[in-house]
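Read off the chains here:
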Amino acid sequence: MSIRKHVKLAVSALALSISFSALAAEDPIKVGILHSLSGTMAISESALKDTMLMLIEKQNAAGGILGRQLEPVVVDPASNWPLFAEKARELLAKDKVDVIFGNWTSVSRKSVLPVIEELNGLLFYPVQYEGEESSENVFYTGAAPNQQAIPAVNYLMNDIGVERWVLAGTDYVYPRTTNKILETYLKAQGVAAEDIMINYTPFGHSDWQAIVSDIKAFGSAGKKTAVVSTINGDANVPFYRELGNQGINAADIPVVAFSVGEQELSGIDTGPLVGHLAAWNYFMSVDADANYDFIDAWVAYTGKEDAVTNDPMEAHYIGFNMYVEAVKKAGTTDVNAVKDAIIGVAVPNLTGGIATMMPNHHITKPVLIGEIQDNGQFSVVWQTPSTVVGDAWSDFLPGSKDLISDWRKPMFCGNFNVVSGTCGGKAAVVAQ
(Lines give C-alpha, C1' and ligand atoms only; values in the text may rest on other atoms or scores of the structure.)
Protein backbone atom coordinates (compact mmCIF):
# COMPACT_ATOMS: atom_id res chain seq x y z
CA MET A 1 0.00 0.00 0.00
CA SER A 2 1.35 3.47 -0.91
CA ILE A 3 2.25 6.10 1.67
CA ARG A 4 -0.53 8.28 0.22
CA LYS A 5 -3.14 5.56 0.88
CA HIS A 6 -1.80 5.09 4.43
CA VAL A 7 -2.15 8.81 5.04
CA LYS A 8 -5.70 8.82 3.60
CA LEU A 9 -6.73 5.92 5.81
CA ALA A 10 -5.19 7.55 8.86
CA VAL A 11 -6.92 10.84 8.13
CA SER A 12 -10.24 9.04 7.60
CA ALA A 13 -9.85 7.14 10.86
CA LEU A 14 -8.99 10.33 12.71
CA ALA A 15 -11.98 12.14 11.22
CA LEU A 16 -14.25 9.24 12.19
CA SER A 17 -12.84 9.25 15.71
CA ILE A 18 -13.38 13.00 16.01
CA SER A 19 -16.90 12.60 14.65
CA PHE A 20 -17.76 9.91 17.21
CA SER A 21 -16.18 12.00 19.97
CA ALA A 22 -18.23 15.02 18.95
CA LEU A 23 -21.41 12.94 18.97
CA ALA A 24 -20.53 11.51 22.39
CA ALA A 25 -19.87 15.01 23.72
CA GLU A 26 -23.30 16.07 22.56
CA ASP A 27 -25.08 13.22 24.35
CA PRO A 28 -27.00 14.70 27.29
CA ILE A 29 -26.22 13.86 30.89
CA LYS A 30 -29.42 12.23 32.05
CA VAL A 31 -30.59 13.16 35.53
CA GLY A 32 -33.27 10.96 37.10
CA ILE A 33 -35.76 12.69 39.40
CA LEU A 34 -37.46 10.18 41.70
CA HIS A 35 -40.02 12.05 43.80
CA SER A 36 -43.68 11.43 44.65
CA LEU A 37 -45.89 13.81 42.69
CA SER A 38 -49.09 12.19 43.97
CA GLY A 39 -50.20 10.46 47.17
CA THR A 40 -49.54 11.35 50.79
CA MET A 41 -45.95 12.55 50.25
CA ALA A 42 -46.69 14.84 47.30
CA ILE A 43 -47.15 17.75 49.74
CA SER A 44 -43.43 17.51 50.51
CA GLU A 45 -41.84 15.98 47.42
CA SER A 46 -43.37 17.92 44.52
CA ALA A 47 -41.30 20.98 45.38
CA LEU A 48 -38.13 18.87 45.27
CA LYS A 49 -38.90 17.80 41.70
CA ASP A 50 -39.29 21.45 40.73
CA THR A 51 -36.09 22.35 42.59
CA MET A 52 -34.16 19.86 40.49
CA LEU A 53 -35.70 21.16 37.26
CA MET A 54 -34.69 24.70 38.24
CA LEU A 55 -31.12 23.66 39.05
CA ILE A 56 -30.80 21.72 35.79
CA GLU A 57 -32.16 24.65 33.79
CA LYS A 58 -29.65 27.00 35.41
CA GLN A 59 -26.75 24.61 34.80
CA ASN A 60 -27.72 24.19 31.15
CA ALA A 61 -27.85 27.98 30.73
CA ALA A 62 -24.28 28.08 32.05
CA GLY A 63 -23.13 25.57 29.43
CA GLY A 64 -23.99 22.28 31.10
CA ILE A 65 -21.21 20.05 32.41
CA LEU A 66 -18.14 19.15 30.32
CA GLY A 67 -19.86 20.80 27.37
CA ARG A 68 -22.87 18.51 27.66
CA GLN A 69 -26.42 19.58 28.46
CA LEU A 70 -28.39 17.92 31.24
CA GLU A 71 -31.66 16.16 30.51
CA PRO A 72 -34.12 15.61 33.39
CA VAL A 73 -36.03 12.32 33.44
CA VAL A 74 -38.99 12.69 35.81
CA VAL A 75 -40.99 9.76 37.19
CA ASP A 76 -43.76 9.58 39.78
CA PRO A 77 -43.53 6.71 42.30
CA ALA A 78 -46.78 8.05 43.78
CA SER A 79 -45.94 7.57 47.49
CA ASN A 80 -45.91 3.81 46.77
CA TRP A 81 -42.80 2.32 48.33
CA PRO A 82 -42.41 -0.79 46.08
CA LEU A 83 -43.06 1.44 43.06
CA PHE A 84 -39.99 3.48 44.02
CA ALA A 85 -37.85 0.40 43.31
CA GLU A 86 -39.58 -0.20 39.98
CA LYS A 87 -39.12 3.41 38.92
CA ALA A 88 -35.47 3.40 40.00
CA ARG A 89 -34.87 0.31 37.87
CA GLU A 90 -36.66 1.97 34.97
CA LEU A 91 -34.48 5.07 35.29
CA LEU A 92 -31.23 3.09 35.37
CA ALA A 93 -31.93 0.17 33.04
CA LYS A 94 -34.28 1.74 30.49
CA ASP A 95 -33.62 5.49 30.57
CA LYS A 96 -29.88 5.01 31.28
CA VAL A 97 -29.69 7.97 33.65
CA ASP A 98 -26.27 8.97 34.94
CA VAL A 99 -27.50 9.94 38.40
CA ILE A 100 -30.69 9.98 40.45
CA PHE A 101 -31.88 12.66 42.87
CA GLY A 102 -34.80 11.52 44.92
CA ASN A 103 -36.77 9.87 47.72
CA TRP A 104 -38.09 11.38 50.93
CA THR A 105 -39.13 8.62 53.31
CA SER A 106 -36.61 6.06 54.50
CA VAL A 107 -38.92 3.21 53.50
CA SER A 108 -38.79 4.47 49.91
CA ARG A 109 -35.00 4.82 50.08
CA LYS A 110 -34.60 1.30 51.45
CA SER A 111 -36.85 0.06 48.64
CA VAL A 112 -34.57 1.70 46.09
CA LEU A 113 -31.24 0.80 47.70
CA PRO A 114 -30.88 -2.79 46.40
CA VAL A 115 -31.65 -1.63 42.86
CA ILE A 116 -29.14 1.23 43.03
CA GLU A 117 -26.44 -1.13 44.29
CA GLU A 118 -27.25 -3.92 41.83
CA LEU A 119 -27.12 -1.61 38.81
CA ASN A 120 -24.32 0.58 40.21
CA GLY A 121 -26.30 3.79 40.11
CA LEU A 122 -25.83 7.01 42.04
CA LEU A 123 -28.49 8.33 44.41
CA PHE A 124 -28.45 11.72 46.12
CA TYR A 125 -30.83 11.54 49.07
CA PRO A 126 -31.89 14.99 50.40
CA VAL A 127 -33.88 14.35 53.58
CA GLN A 128 -33.04 13.88 57.25
CA TYR A 129 -32.94 10.19 58.12
CA GLU A 130 -32.29 7.70 60.89
CA GLY A 131 -28.71 6.72 60.02
CA GLU A 132 -27.75 3.07 60.52
CA GLU A 133 -26.93 2.75 56.83
CA SER A 134 -24.02 3.40 54.49
CA SER A 135 -23.87 2.59 50.81
CA GLU A 136 -21.14 3.28 48.29
CA ASN A 137 -23.91 4.25 45.83
CA VAL A 138 -25.78 6.75 48.02
CA PHE A 139 -24.83 10.28 49.06
CA TYR A 140 -26.77 11.42 52.11
CA THR A 141 -27.17 15.19 51.86
CA GLY A 142 -29.91 15.37 54.52
CA ALA A 143 -29.20 15.24 58.24
CA ALA A 144 -28.10 12.19 60.19
CA PRO A 145 -29.46 11.94 63.78
CA ASN A 146 -26.41 13.70 65.23
CA GLN A 147 -27.13 16.64 62.90
CA GLN A 148 -30.78 17.06 63.92
CA ALA A 149 -32.41 14.76 66.50
CA ILE A 150 -29.72 14.74 69.22
CA PRO A 151 -29.05 18.51 69.10
CA ALA A 152 -32.82 19.20 69.19
CA VAL A 153 -33.28 17.06 72.31
CA ASN A 154 -30.28 18.72 73.95
CA TYR A 155 -31.81 22.13 73.25
CA LEU A 156 -35.15 21.13 74.77
CA MET A 157 -33.45 19.61 77.80
CA ASN A 158 -30.87 22.31 78.48
CA ASP A 159 -32.51 25.51 77.26
CA ILE A 160 -36.20 24.85 77.95
CA GLY A 161 -35.91 22.41 80.86
CA VAL A 162 -37.97 19.58 79.37
CA GLU A 163 -38.23 16.53 81.66
CA ARG A 164 -41.06 14.54 80.01
CA TRP A 165 -40.97 13.39 76.40
CA VAL A 166 -43.53 12.40 73.79
CA LEU A 167 -41.89 10.70 70.80
CA ALA A 168 -44.60 10.83 68.11
CA GLY A 169 -43.97 9.50 64.64
CA THR A 170 -45.34 8.01 61.48
CA ASP A 171 -45.10 4.22 61.55
CA TYR A 172 -42.09 3.40 59.39
CA VAL A 173 -38.35 2.96 59.67
CA TYR A 174 -37.17 6.57 60.08
CA PRO A 175 -39.32 7.48 63.10
CA ARG A 176 -38.90 4.07 64.74
CA THR A 177 -35.11 4.04 64.44
CA THR A 178 -34.75 7.71 65.37
CA ASN A 179 -36.95 7.20 68.42
CA LYS A 180 -34.99 4.10 69.40
CA ILE A 181 -31.85 6.26 69.35
CA LEU A 182 -33.57 9.07 71.26
CA GLU A 183 -35.08 6.74 73.87
CA THR A 184 -31.64 5.22 74.55
CA TYR A 185 -30.08 8.68 74.67
CA LEU A 186 -32.73 10.09 77.03
CA LYS A 187 -32.40 7.17 79.44
CA ALA A 188 -28.63 7.65 79.40
CA GLN A 189 -29.28 11.26 80.46
CA GLY A 190 -31.27 10.03 83.46
CA VAL A 191 -34.82 10.27 82.07
CA ALA A 192 -37.09 7.62 83.63
CA ALA A 193 -39.00 5.19 81.39
CA GLU A 194 -42.34 6.50 82.70
CA ASP A 195 -41.38 9.97 81.47
CA ILE A 196 -41.18 8.79 77.86
CA MET A 197 -44.35 8.26 75.80
CA ILE A 198 -44.01 6.76 72.30
CA ASN A 199 -46.76 6.81 69.69
CA TYR A 200 -46.93 5.82 66.01
CA THR A 201 -49.61 6.48 63.41
CA PRO A 202 -49.96 5.38 59.77
CA PHE A 203 -49.16 7.57 56.78
CA GLY A 204 -51.96 10.00 56.06
CA HIS A 205 -53.44 9.70 59.57
CA SER A 206 -56.19 12.28 60.03
CA ASP A 207 -58.05 11.67 63.32
CA TRP A 208 -55.77 13.08 66.02
CA GLN A 209 -58.33 13.90 68.70
CA ALA A 210 -57.64 10.94 71.01
CA ILE A 211 -53.85 11.05 70.57
CA VAL A 212 -53.61 14.78 71.23
CA SER A 213 -55.84 14.28 74.26
CA ASP A 214 -53.39 11.63 75.52
CA ILE A 215 -50.48 14.00 74.95
CA LYS A 216 -52.30 16.71 76.89
CA ALA A 217 -52.90 14.33 79.80
CA PHE A 218 -49.28 13.10 79.73
CA GLY A 219 -48.12 16.71 79.96
CA SER A 220 -50.25 17.48 83.02
CA ALA A 221 -48.06 15.59 85.51
CA GLY A 222 -46.24 18.67 86.75
CA LYS A 223 -43.09 18.18 84.67
CA LYS A 224 -42.17 20.26 81.63
CA THR A 225 -43.22 18.17 78.61
CA ALA A 226 -42.35 18.38 74.92
CA VAL A 227 -43.30 16.49 71.77
CA VAL A 228 -40.53 15.31 69.47
CA SER A 229 -42.31 14.81 66.16
CA THR A 230 -41.24 12.54 63.32
CA ILE A 231 -44.70 12.70 61.75
CA ASN A 232 -44.34 12.83 57.97
CA GLY A 233 -46.33 14.11 55.03
CA ASP A 234 -49.86 15.46 54.98
CA ALA A 235 -50.70 13.95 58.40
CA ASN A 236 -49.02 17.02 59.89
CA VAL A 237 -51.85 19.30 58.82
CA PRO A 238 -54.60 17.71 61.00
CA PHE A 239 -52.07 17.04 63.79
CA TYR A 240 -51.21 20.70 64.21
CA ARG A 241 -54.84 21.70 63.70
CA GLU A 242 -55.89 19.40 66.57
CA LEU A 243 -53.19 20.84 68.83
CA GLY A 244 -54.81 24.21 68.26
CA ASN A 245 -58.31 22.81 68.76
CA GLN A 246 -57.33 21.44 72.17
CA GLY A 247 -55.58 24.62 73.23
CA ILE A 248 -52.06 23.14 73.35
CA ASN A 249 -49.63 25.98 72.73
CA ALA A 250 -45.87 26.13 72.71
CA ALA A 251 -45.68 27.63 76.18
CA ASP A 252 -47.40 24.54 77.62
CA ILE A 253 -46.13 21.64 75.51
CA PRO A 254 -43.71 22.69 72.76
CA VAL A 255 -43.46 20.50 69.67
CA VAL A 256 -40.14 20.18 67.87
CA ALA A 257 -40.61 18.67 64.43
CA PHE A 258 -38.06 16.96 62.22
CA SER A 259 -40.24 16.70 59.11
CA VAL A 260 -42.18 19.97 59.08
CA GLY A 261 -40.78 22.89 57.16
CA GLU A 262 -42.01 25.92 55.30
CA GLN A 263 -43.66 23.81 52.58
CA GLU A 264 -45.84 21.92 55.05
CA LEU A 265 -46.78 25.07 56.98
CA SER A 266 -47.89 26.82 53.80
CA GLY A 267 -51.05 24.69 53.84
CA ILE A 268 -52.34 25.59 57.31
CA ASP A 269 -53.20 28.50 59.56
CA THR A 270 -50.02 28.92 61.62
CA GLY A 271 -51.54 31.33 64.14
CA PRO A 272 -52.16 28.66 66.83
CA LEU A 273 -48.71 27.15 66.16
CA VAL A 274 -46.61 30.19 66.94
CA GLY A 275 -43.73 29.21 69.20
CA HIS A 276 -43.61 25.53 68.25
CA LEU A 277 -40.25 24.44 66.89
CA ALA A 278 -38.51 22.59 64.10
CA ALA A 279 -34.94 21.35 63.86
CA TRP A 280 -33.35 21.60 60.43
CA ASN A 281 -30.06 22.62 58.84
CA TYR A 282 -31.60 25.46 56.83
CA PHE A 283 -34.54 27.83 57.11
CA MET A 284 -35.87 30.20 54.48
CA SER A 285 -35.45 33.06 56.96
CA VAL A 286 -31.66 32.65 57.21
CA ASP A 287 -29.83 35.93 56.62
CA ALA A 288 -27.27 35.04 53.93
CA ASP A 289 -26.63 36.37 50.43
CA ALA A 290 -26.60 32.86 48.95
CA ASN A 291 -30.02 32.24 50.49
CA TYR A 292 -31.50 35.45 49.10
CA ASP A 293 -30.19 34.57 45.63
CA PHE A 294 -31.73 31.10 45.88
CA ILE A 295 -35.08 32.47 47.04
CA ASP A 296 -35.13 35.00 44.20
CA ALA A 297 -34.37 32.25 41.69
CA TRP A 298 -37.10 30.03 43.14
CA VAL A 299 -39.72 32.79 43.09
CA ALA A 300 -38.79 33.62 39.50
CA TYR A 301 -38.89 29.96 38.47
CA THR A 302 -42.26 29.24 40.07
CA GLY A 303 -43.76 32.60 39.17
CA LYS A 304 -45.19 32.78 42.70
CA GLU A 305 -44.26 35.64 44.99
CA ASP A 306 -45.30 33.56 48.01
CA ALA A 307 -43.25 30.47 47.01
CA VAL A 308 -41.34 29.05 49.97
CA THR A 309 -38.02 27.23 50.24
CA ASN A 310 -37.07 24.55 52.78
CA ASP A 311 -34.32 22.30 54.08
CA PRO A 312 -34.58 19.37 51.62
CA MET A 313 -34.50 21.88 48.77
CA GLU A 314 -31.20 23.16 50.13
CA ALA A 315 -29.96 19.56 50.37
CA HIS A 316 -30.72 19.08 46.66
CA TYR A 317 -28.99 22.38 45.91
CA ILE A 318 -25.89 21.15 47.74
CA GLY A 319 -26.02 17.63 46.30
CA PHE A 320 -26.53 18.82 42.73
CA ASN A 321 -23.62 21.25 42.95
CA MET A 322 -21.44 18.53 44.47
CA TYR A 323 -22.32 16.23 41.58
CA VAL A 324 -21.45 18.95 39.06
CA GLU A 325 -18.07 19.53 40.69
CA ALA A 326 -17.34 15.80 40.97
CA VAL A 327 -18.08 15.22 37.27
CA LYS A 328 -15.81 18.13 36.37
CA LYS A 329 -13.11 16.76 38.66
CA ALA A 330 -13.43 13.24 37.23
CA GLY A 331 -13.74 14.48 33.65
CA THR A 332 -16.52 11.95 33.10
CA THR A 333 -19.95 10.86 34.30
CA ASP A 334 -18.67 7.31 34.85
CA VAL A 335 -20.21 6.20 38.14
CA ASN A 336 -17.07 4.76 39.73
CA ALA A 337 -15.01 7.80 38.76
CA VAL A 338 -17.61 10.17 40.21
CA LYS A 339 -17.78 8.16 43.46
CA ASP A 340 -14.03 8.55 43.87
CA ALA A 341 -13.97 12.20 42.86
CA ILE A 342 -16.79 13.47 45.07
CA ILE A 343 -15.19 12.72 48.44
CA GLY A 344 -13.73 15.98 49.69
CA VAL A 345 -15.73 18.15 47.27
CA ALA A 346 -16.82 21.34 49.03
CA VAL A 347 -19.56 23.71 47.82
CA PRO A 348 -21.43 26.64 49.39
CA ASN A 349 -24.55 25.91 51.44
CA LEU A 350 -27.37 28.44 51.75
CA THR A 351 -26.61 29.55 55.31
CA GLY A 352 -23.40 31.31 54.37
CA GLY A 353 -21.03 28.39 54.98
CA ILE A 354 -19.51 25.44 53.18
CA ALA A 355 -20.73 21.84 52.84
CA THR A 356 -18.12 19.12 52.35
CA MET A 357 -18.68 15.53 51.25
CA MET A 358 -17.02 13.28 53.80
CA PRO A 359 -15.59 9.76 53.28
CA ASN A 360 -18.75 8.25 54.84
CA HIS A 361 -20.89 9.84 52.07
CA HIS A 362 -22.47 12.29 54.53
CA ILE A 363 -21.89 16.03 54.47
CA THR A 364 -21.04 18.74 56.97
CA LYS A 365 -24.05 20.80 58.08
CA PRO A 366 -24.93 23.46 60.66
CA VAL A 367 -27.82 22.57 63.00
CA LEU A 368 -30.54 25.18 63.50
CA ILE A 369 -33.64 25.29 65.70
CA GLY A 370 -36.41 27.52 64.41
CA GLU A 371 -39.56 28.83 66.04
CA ILE A 372 -42.76 29.00 64.00
CA GLN A 373 -43.97 32.55 63.29
CA ASP A 374 -47.49 33.62 62.37
CA ASN A 375 -46.41 34.19 58.75
CA GLY A 376 -45.44 30.53 58.27
CA GLN A 377 -41.73 31.21 58.56
CA PHE A 378 -39.24 30.20 61.26
CA SER A 379 -37.18 32.48 63.47
CA VAL A 380 -33.84 30.84 64.31
CA VAL A 381 -33.54 30.62 68.11
CA TRP A 382 -30.45 28.41 68.35
CA GLN A 383 -27.69 27.06 66.12
CA THR A 384 -24.40 25.24 66.38
CA PRO A 385 -21.30 27.46 66.31
CA SER A 386 -19.90 25.50 63.36
CA THR A 387 -20.85 22.71 60.99
CA VAL A 388 -21.30 19.13 62.21
CA VAL A 389 -20.06 16.03 60.36
CA GLY A 390 -22.88 13.56 59.67
CA ASP A 391 -22.44 10.22 61.46
CA ALA A 392 -23.78 7.16 59.63
CA TRP A 393 -23.76 5.04 62.79
CA SER A 394 -25.23 6.18 66.08
CA ASP A 395 -23.03 6.34 69.17
CA PHE A 396 -26.12 5.44 71.24
CA LEU A 397 -27.02 2.03 69.79
CA PRO A 398 -25.06 -1.04 70.92
CA GLY A 399 -24.77 -2.51 67.43
CA SER A 400 -23.58 0.75 65.90
CA LYS A 401 -21.33 2.58 68.35
CA ASP A 402 -18.17 0.75 67.21
CA LEU A 403 -18.85 1.22 63.47
CA ILE A 404 -17.45 3.77 61.05
CA SER A 405 -17.93 4.26 57.32
CA ASP A 406 -15.12 5.16 54.91
CA TRP A 407 -15.58 4.65 51.17
CA ARG A 408 -12.00 5.54 50.27
CA LYS A 409 -9.64 2.82 49.17
CA PRO A 410 -8.11 0.75 50.67
CA MET A 411 -10.73 0.59 53.46
CA PHE A 412 -13.76 0.98 51.15
CA CYS A 413 -16.20 -0.17 53.82
CA GLY A 414 -19.51 1.16 55.04
CA ASN A 415 -19.53 -0.60 58.41
CA PHE A 416 -15.96 -1.08 59.64
CA ASN A 417 -15.82 -2.27 63.25
CA VAL A 418 -13.02 -0.38 64.98
CA VAL A 419 -12.91 -2.91 67.83
CA SER A 420 -12.63 -6.09 65.77
CA GLY A 421 -10.85 -4.41 62.86
CA THR A 422 -13.20 -6.02 60.33
CA CYS A 423 -15.62 -4.86 57.66
CA GLY A 424 -19.17 -6.13 58.02
CA GLY A 425 -19.75 -6.25 54.29
CA LYS A 426 -20.09 -4.09 51.21
CA ALA A 427 -23.85 -3.57 51.51
CA ALA A 428 -23.59 -1.84 54.85
CA VAL A 429 -27.15 -1.67 56.11
CA VAL A 430 -28.31 -2.70 59.54
CA ALA A 431 -31.69 -4.49 59.46
CA GLN A 432 -34.35 -2.62 61.41
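For the structure, check the block above.
Residues numbered from 1 in each chain as written. Predicted model: local features only at pLDDT ≥ 70, side-chain atom pairs only at ≥ 80, totals over all residues. Heavy atoms only, no water.

A. Expanded view of helix α4 (residues 106-118). End to end, α4 covers 19 Å across 13 residues, agreeing with the expected 18 Å (1.5 Å per residue, within 8%). The largest bend in α4 is about 30 degrees, located at V112, with the proline P114 one to four residues further on. For α4, the set of buried residues is S106, S108, R109, S111, V112, L113, V115 and I116. Once α4 ends, the next one or two residues include N120, with phi positive near 50 degrees. (Helix = DSSP H or I, 4+ residues; strand = E, 2+ residues; numbered from the N terminus. Expected span 1.5 Å × (residues − 1). Bend = angle between axes of the 7 residues up to and from the residue. Buried < 20%, exposed > 50% of the residue type's maximum accessible area, 1.4 Å probe, protein only.)

B. Looking closely at the sheet that holds strand β3 (residues 99-102). The strand order β2-β1-β3-β4-β6 describes an open sheet built from five strands, whose pairing is parallel. Of all the strands in the sheet, just β2 (70-75) and β6 (138-140) have a single pairing partner and so form its edges. On average, adjacent strands in this sheet sit at an angle of 25 degrees to one another, irrespective of strand direction. In this sheet, β3 lies alongside strand β1 (residues 29-34) in parallel orientation, the contact comprising four bridges. In the sheet register, V31 faces β3, and the bridge partner there is V99. Against the sheet, helix α3 (residues 81-94) contacts β1, β2 and β3, and its axis sits at roughly 175 degrees relative to β1. (Pairing = 2+ DSSP bridges. Axes fitted to C-alpha atoms, helices over the stretch in contact; angles between N-to-C directions. Contact = heavy atoms within 4.5 Å.)

C. Fine view of the packing of aromatic side chains. Tallying each qualifying case throughout the model produces 19 aromatic pairs. Note on Y172 and F203: the rings are 4.9 Å apart at their centroids and 35 degrees apart in plane angle, and the pair reads as tilted. With Y172 in the loop between β7 (164-170) and α6 (173-188) and F203 in the loop between β8 (196-201) and α7 (209-218), this residue pair connects regions lying 31 residues apart in the sequence. Classification of F203 as partly exposed rests on a relative accessible area of 22%. By way of ring pairs, the aromatic residues W81, F84, Y172, Y174 and F203 are connected into one cluster. A cation sits over an aromatic face here: R176 above Y200, 4.0 Å from the ring centre. Sitting over the ring of F412, K409 keeps its end group 4.8 Å from the ring centre. (Phe/Tyr/Trp six-rings, centres within 6.5 Å; stacked < 30°, edge-to-face > 60°. Lys NZ or Arg CZ within 6 Å of the ring centre and 35° of its normal.)

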